[in-house]
Amino acid sequence: MSGTVTAVSRNETYSFTKPNRDSVTLLAGLGVEGDVHAGVTVKHRSRVAQDPTQPNLRQVHLIQEELFDEVRALGFEVAPGDIGENITTRGIDLLALPVGTLLHLGDEAVVEVTGLRNPCKQIDDFQGGLLKQVVGRDEAGNIVRKAGIMGVVTAGGVVRPGDPVRTELPAEPHRPLDRV
């Protein structure tokens, strides 16, 4: 599978949205240079409160732009960076990737997929009712999370809008994504 980076975002301070940038630099083992969530150990406030020594499996947040199209059809306006992602893509079903998939971004950067983003109340604070659109249940009653995936940087590099994204699946058996 291959796709395209459509936007890159980062923020130096804790806030829900992240401004779009011309480029971001991914740092191996850390995340997005200059982003508040970069680091070896957890940076998300709720995770730090539980145990600040946990490894940071959420160094980079990626979301597929197709989700914005889906919620726009329901009356919501969401643009790249609005719900806190670092890298917005098009053309790859990120949610269908197994744990351990390598995402080759641009010429050098590689992100290893660790799991699904677990959306929180802040999404409704951004736009009332949006949380219900990005977290739901399938026909069998299983929770479906659509607010993107998380990963760790295994190879650093600069990532820009327009860069190609190529997937490299891990060896089988594949493990489906779960929240991290």
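Residues numbered from 1 in each chain as written. Predicted model: local features only at pLDDT ≥ 70, side-chain atom pairs only at ≥ 80, totals over all residues. Heavy atoms only, no water.

1. Describing the overall build of the protein chain
- Looking only at helices and strands, the protein chain features 4 helices and 13 strands.
- By the compact-globule yardstick of 16 Å for 180 residues, the protein chain fits well, its C-alpha radius of gyration being 15 Å.
- The C-alpha extent of the protein chain, read off along each of the three principal axes, is 35 × 35 × 35 Å.
- Counting the 180 residues in the protein chain, one finds 46% classified as buried.
- Expressed as a percentage of contacts within the protein chain between residues at least 6 apart in sequence, the contacts between residues at least 24 apart total 68%.
- About 8600 Å² of surface is accessible on the protein chain, with carbon and sulfur atoms providing 50% of the total.
- The average position of the 19 basic charges and that of the 24 acidic charges among the side chains of the protein chain differ by 6 Å. (Helix = DSSP H or I, 4+ residues; strand = E, 2+ residues; numbered from the N terminus. Rg over C-alpha atoms; globule rule 2.2 N^0.38 Å. Buried < 20%, exposed > 50% of the residue type's maximum accessible area, 1.4 Å probe, protein only. Contact = heavy atoms within 4.5 Å. Areas by Shrake-Rupley, 256 points an atom, 1.4 Å probe, with all protein chains shown as cover. Lys, Arg positive; Asp, Glu negative; His and termini not counted. Charge placed at Lys NZ, Arg CZ, Asp CG, Glu CD.)

2. Quick notes on the environment of glycine 84
- Take glycine 84: it is sitting in the loop between helix 2 (66-72) and strand 6 (87-90).
- Judged by its relative accessible area of 11%, glycine 84 falls in the buried class.
- For glycine 84 and threonine 114, which are 30 residues apart along the polypeptide, the C-alpha to C-alpha distance reads 17 Å.
- If near-sequence neighbours (up to four positions away) are discounted, glycine 84 is found in contact with Phe16, Thr17, Lys18 and His61.

3. Some remarks on the pattern of salt bridges
- Evaluation of the coordinates by the stated rule reveals 10 salt bridges.
- With its nearest N and O atoms 3.9 Å apart, the salt bridge here joins glutamate 66 to arginine 90. Of the two residues, glutamate 66 sits in helix 2 while arginine 90 sits in strand 6, which places them 24 residues apart along the sequence.
- As a salt-bridge pair, arginine 90 and aspartate 69 come within 2.8 Å of each other at their nearest N and O atoms. In this pair, arginine 90 is assigned in strand 6 and aspartate 69 in helix 2, connecting sequence segments 21 residues apart.
- Take aspartate 69: its relative accessible area is 33%, and that puts it in the partly exposed class.
- A network of salt bridges, in which partner residues are shared, links Glu65, Glu66, Asp69, Arg72, Glu77 and Arg90. (Salt bridge = Lys/Arg side-chain N within 4 Å of Asp/Glu carboxyl O.)

4. Considering the packing of aromatic side chains
- Under the criterion given, the structure shown has 1 aromatic pair.
- Arranged with centres 6.0 Å apart and planes meeting at 40 degrees, the rings of phenylalanine 16 and phenylalanine 126 form a pair that is tilted. Of this pair, phenylalanine 16 sits in the loop between strand 1 (2-9) and strand 2 (20-21) while phenylalanine 126 sits in helix 3 (residues 122-126), and the two are 110 residues apart along the sequence. (Phe/Tyr/Trp six-rings, centres within 6.5 Å; stacked < 30°, edge-to-face > 60°.)

5. Here's the deal with the sheet that holds strand 12 (residues 157-159)
- Pairing within the open sheet is antiparallel, and its 3 strands lie in the order 4-3-12. Strands at the two margins of the open sheet, each flanked by one partner only, are strand 4 (31-32) and strand 12.
- By the bridge criterion, 3 bridges tie strand 3 (residues 24-27) to strand 12 in an arrangement that is antiparallel. For valine 24, the partnering residue across the bridge sits in strand 12 and is valine 159. (Pairing = 2+ DSSP bridges.)

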